[in-house]
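# Results of the structural survey
Single-letter residue listing:
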Amino acid sequence: MTDTLPLRFLHRGQVVSLSNVAPDRTLLDLLREDLSCKGTKEGCGEGDCGACTVVLGQPGPQGLQLQAINSCIRLAHSVDGLALWTVEDLSTDPNLGVGAGQLHPVQQALVDCHASQCGFCTPGFVMSLFAFYEDHPGMPDRQAIQRALSGNLCRCTGYRPIVDAAQHMTELPPVRLDRQAVLDALSRIRPEPVRGAYLQPLELTELLRLRAEHPQAQIVAGCTDVGLWVTKQHKRFAQVLDVTRVAQLRQVRQAGGRLRIGAAVSLEEAYQALCGHWPELHAFAARFAGLPVRNSGTLGGNVANGSPIGDSMPLLIALGAELVLVSLRGERAMPVEDFYTGYRQNRLAADEVLAFIDLPLPTAAAGQWLRAYKISKRYDDDISAVCLAVALRLEDDRVAEVSIGAGGVAATPARARRTEDALRGQRWSPATVEQAARVLREEFSPISDMRASAAYRTQVLGQLLQRLWLQTQGHAQINLESLGSQELT
Ligand SMILES: Cc1cc2nc3c(=O)[nH]c(=O)nc-3n(C[C@H](O)[C@H](O)[C@H](O)COP(=O)(O)OP(=O)(O)OC[C@H]3O[C@@H](n4cnc5c(N)ncnc54)[C@H](O)[C@@H]3O)c2cc1C
Ligand code: FES
Ligand code: FES
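Residues numbered from 1 in each chain as written. Chains lettered and ligands numbered in written order. Predicted model: local features only at pLDDT ≥ 70, side-chain atom pairs only at ≥ 80, totals over all residues. Heavy atoms only, no water.

## Things to note about the overall build of the protein chain
Filter applied, for reference: By definition, any uninterrupted DSSP run of H or I lasting at least four residues is a helix, any uninterrupted run of E lasting at least two residues is a strand, and each is numbered from the N terminus. Between buried and exposed lies partly exposed: a residue is buried under 20% and exposed over 50% of the maximum accessible area for its type, with that area taken using a 1.4 Å probe on protein chains only. Working rule for contacts: check all heavy atoms of both residues, and any pair within 4.5 Å makes them a contact. Reported accessibility uses the Shrake-Rupley method at a 1.4 Å probe radius. Residues are deemed covered only where the shown protein chains occlude them. Counting rule for charge: Lys and Arg are taken as positive, Asp and Glu as negative, and neither His nor the chain ends is counted. In this description, the location of a charge corresponds to atom NZ of lysine, CZ of arginine, CG of aspartate or CD of glutamate.
Per the secondary structure count, the protein chain includes 17 helices and 20 strands. In terms of overall dimensions, the protein chain has C-alpha extents of about 70 × 55 × 40 Å along its principal axes. Burial statistics for the protein chain: of 489 residues in total, 56% are counted as buried. Across the protein chain, contacts joining residues at least 24 apart in sequence account for 66% of those joining residues at least 6 apart. In the structure as shown, the protein chain presents an accessible area of about 20,100 Å², 50% of it carried by carbon and sulfur atoms. Distance between charge centres in the protein chain, computed from 48 positive and 52 negative side chains, equals 3 Å.

What follows is the structure, encoded as structure tokens:
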């Protein structure tokens, strides 16, 4: 099926209008094959390398919001009504105003610092740095640069000169995007919620109506899981229902001691909200994929996808989160651990969507601990072999409350109820922790796969509980998460 209404977006100061774009066409294919923007490269085709990074602009609460994203796994239609920049545009977009024959400071700095050899990764680095440059006018520290580049791999230059360039670019004569001009141009593109086979509703009731009318349509949010079904499994979708423009699903709200995160809130924004209440989650949040994936991917997509090695679910289980499923018939809520019925299977009915993730906010009670541990082969931008999240409240040296979520240990994200029982009411002591670690190792039967053997997973589960014990005893140096904040020199 093809579209009747065109896909429209702002590119180089002009509205591009394209008809007959298939609902499952990727943005990268559209750029390279239809628009001949071949500066944007295809490396992995699965969101891992960053060679395909482009920047999107959309109106946000603080004006124009720029985000680096992976075009290889993003659907082309998802950029309808947005502004788009590729590597070619930095010296040609009139809203940037770089003089003829000149380079944008990002590009010039990479040249000056010898930060490119084969150059294949470079367009992606340029685009991640362009978004960063626009949002960080002063001299950035190297950790902030590393976070901005967490989704970009370079296999031959080495990162030190690239990080040098990211600092050097702020010393060059500045070039700033005319954000108001972009916003004005975007305001002239009226969003069309139904463009043939691509359904992109703006309101919740409209989403629910379309969901009920088209139960076979593929639901997508940020497409960071679904995109791989297209590029790697060559799946085709005749009709797509995109939830990311639904206003109610994009909000983070706080009321009555609870936090409500809309399912279509990006991972980056959702984790920022979580870190606002639980600052101890910063290191864990930064290890979820790389920034371009966190910019596109949503919290609801992570939960609905239901991968047993997904990172948010163990955390949400430990935090006592509930999922709110909504249809035209009404809504129902359930704890995260009750949502899953089997490997990547869940309780969503054919006419329902996941709308909200609700969590109780932390209280002022003393003795509260929250730790989320991710064990993966690579520190940055990697999927967990094991994930363990523990929320604990100690009172008079006893375990008053505990909830534990685990990933990588079963066919679904799981709650470690037997281990919780082994801890609840017990004295918080080495003997209790040793006993609970034994129970935790016995509670699950993980599998062996390319990420880890079953024996390793079982062993490491217990070790993580021991790590929590040591941290509660003030052994901060045991926190391996801090390794990720070491600078590249
Ligand atoms: C390079 C890379 C690194 C990654 N690293 C991590 C990582 O470190 N940790 C991790 O947990 N995951 C990781 N992922 C997986 C992925 O980014 C997450 O699962 C992400 O949260 C998916 O969200 P999305 O919005 O992109 O979902 P999509 O891909 O759009 O959708 C995923 C599934 O959820 C369904 N869905 C989405 N929204 C809704 C809704 N509102 N209601 C009902 N169904 C819905 C879709 O139909 C689909 O089945 C990584 C992916 C990539 C490509
Ligand atoms: S091509 Fe590797 S992230 Fe897109
Ligand atoms: S310059 Fe060759 S991969 Fe980065």
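## A few points about the packing of aromatic side chains
This is how the line gets drawn: Note on aromatic pairs: the rings of Phe, Tyr and Trp (six-membered ring only in Trp) are paired at centre separations within 6.5 Å, and the planes decide the class, stacked below 30 degrees, edge-to-face beyond 60, tilted for the rest. Put simply, a charge is over a ring when the Lys NZ or the Arg CZ is close to the ring centre, within 6 Å, and near the line of the ring normal, within 35 degrees.
Applying the stated criterion to the full structure yields six aromatic pairs. With a centroid separation of 6.4 Å and an interplanar angle of 55°, the aromatic rings of F125 and Y159 are classed as tilted. Of the two residues, F125 sits in helix α3 (residues 122-135) while Y159 sits in helix α5 (residues 159-168), which places them 34 residues apart along the sequence. The class for F125 is buried, based on a relative accessible area of 2%. Summarising the aromatic geometry, the rings of F339 and Y340 are spaced 5.1 Å apart at their centres and angled 70° between planes, so their arrangement reads as edge-to-face. Judged by relative accessible area, which is 0%, F339 ranks as buried. Of the aromatic side chains, those joined through ring pairs into one cluster are Y271, F284 and F288. Taking the ring centre of F356 as reference, the NZ or CZ of R260 above it sits at 4.1 Å. When the ring centre of Y379 is taken as origin, the NZ or CZ atom of R287, which lies over that ring, is 4.3 Å away.

## Brief notes about the nonpolar core
Within soluble globular proteins, side chains that are nonpolar tend to cluster in buried spots. Defined as follows: The set of buried Ala, Val, Leu, Ile, Met, Phe, Trp, Tyr and Cys residues whose side-chain atoms join them within 4.5 Å is what this entry labels a nonpolar core.
Counting residues in each nonpolar core, the largest one holds 43 residues, and the members touching the most others are V55, L64, W85, L110, M127, M169 and V182. Residue assignment for this core shows that the elements contributing at least two residues are β4 (63-70), β5 (83-85), α2 (105-112), α3, α4 (142-148), α5 and α6 (179-187). Take this core: its biggest share by element is eight residues, from α3. With residues near it in sequence (within four places) discarded, V55 still touches L66, Q67, A68, A83, L84, W85, M127, F130 and A131. Core analysis: the second largest hydrophobic core is formed by 40 residues, A270, L281, L359 and C387 among them.

## A closer look at the environment of L468
Mapping L468 onto the fold places it in helix α17 (residues 454-472). We classify L468 as buried; its relative accessible area is 1%. Expressed as a C-alpha distance, the spacing of L468 and Y373, which sit 95 residues apart in the sequence, is 9.4 Å.

## Observations regarding the pairing of β4
This is how the line gets drawn: The pairing criterion for strands is at least two bridges between them, as found by DSSP.
Most of β4 sits inside the fold, with six of its eight residues counted as buried. As consecutive antiparallel partners, strand β3 (residues 53-60) and β4 are separated by two residues.

## Some words on the environment of T412
Mapping T412 onto the fold places it in the loop between β19 (398-407) and β20 (414-415). Overall, T412 belongs to the buried group, its relative accessible area being 16%. Distance from T412 to E337, taken between C-alpha atoms, is 8.6 Å for residues 75 residues apart in sequence. Those residues in contact with T412 that sit more than four places away from it in its chain are P308, Y340, G342 and Y343.

## Section: the site of ligand 1
Filter applied, for reference: To be near a molecule or strand, a residue needs just one of its heavy atoms within 4 Å of it. We define a polar contact as two N or O atoms separated by no more than 3.5 Å, with the added condition that, inside protein, one atom must be a possible hydrogen donor and the other a possible acceptor, whereas residues neighbouring each other in sequence contribute only through side-chain atom pairs. Just so you know the grouping, Ala, Val, Leu, Ile, Met, Phe, Trp, Tyr, Cys and Pro go in nonpolar, Asp, Glu, Lys and Arg go in charged, and all remaining residues, Gly too, go in polar.
Lining the immediate surroundings of ligand 1 are 36 residues, of which I219, A221, T224, D225 and T298 lie closest. Measuring from an oxygen atom of ligand 1, one finds a backbone N or O atom of G222 at 2.7 Å. One of the backbone N or O atoms of C223 is found 2.8 Å from an oxygen atom in ligand 1. Burial of ligand 1 by the protein amounts to 94% of the accessible area it has alone, namely 980 Å². The set of elements that each furnish at least two residues to the shell around ligand 1 consists of β8 (218-220), α8 (226-231), α12 (299-305) and β16 (353-360). Here the residues of the shell around ligand 1 are counted per class, giving 18 nonpolar, ten polar and eight charged.

## Quick notes on the environment of L28
By the element assignment, L28 lies in helix α1 (residues 27-34). In this structure L28 comes out as buried when scored by relative accessible area, which is 1%. L28 has contacts with E33, T40, K41, E42, C52, S71 and C72, leaving out every residue within four places of it along the chain.

## Focus: the sheet that holds strand β1 (residues 7-11)
Inclusion rule: Working convention: axes come from line fits to C-alpha atoms, limited for helices to the stretch in contact. Angles between N-to-C directions cover 0 to 180 degrees.
As summarised here, the arrangement of the five strands in space is β2-β1-β5-β3-β4, forming an open sheet in which the pairing is mixed. Pairing within the sheet leaves two strands with one partner each, and these edge strands are β2 (14-18) and β4. For this sheet the average axis-to-axis angle between neighbouring strands, irrespective of direction, equals 35°. Across eight bridges, the pairing between β3 and β4 is antiparallel. Counterpart to V55 in the pairing with β4 is A68. Seen against the sheet, α3 touches β3, β4 and β5 and runs at an angle of roughly 25° to β3.

## Some words on the sheet that holds strand β18 (residues 386-395)
Spatial ordering of the open sheet is given by β17-β18-β19-β20, a layout of four strands whose pairing is antiparallel. The two strands at the open ends of the sheet, each matched to only one other strand, are β17 (368-375) and β20.

## Section: the pattern of salt bridges
Counted only if it meets this: Counted as salt bridges are all cases of a side-chain nitrogen of Lys or Arg within 4 Å of a carboxyl oxygen of Asp or Glu.
Within this structure, the stated rule accounts for 27 salt bridges. Among the ionic pairs, E192 bridges to R190, the shortest N-O distance being 3.1 Å. Taking relative accessible area as the criterion, R190 reaches 57% and is therefore assigned exposed. Between R294 and E268 there is a salt bridge whose closest N-O contact spans 2.8 Å. Note that R294 is positioned in helix α11 (residues 291-296) and E268 in helix α9 (residues 267-277), a separation of 26 residues in sequence. Using a relative accessible area of 21% as the deciding quantity, one classes E268 as partly exposed.

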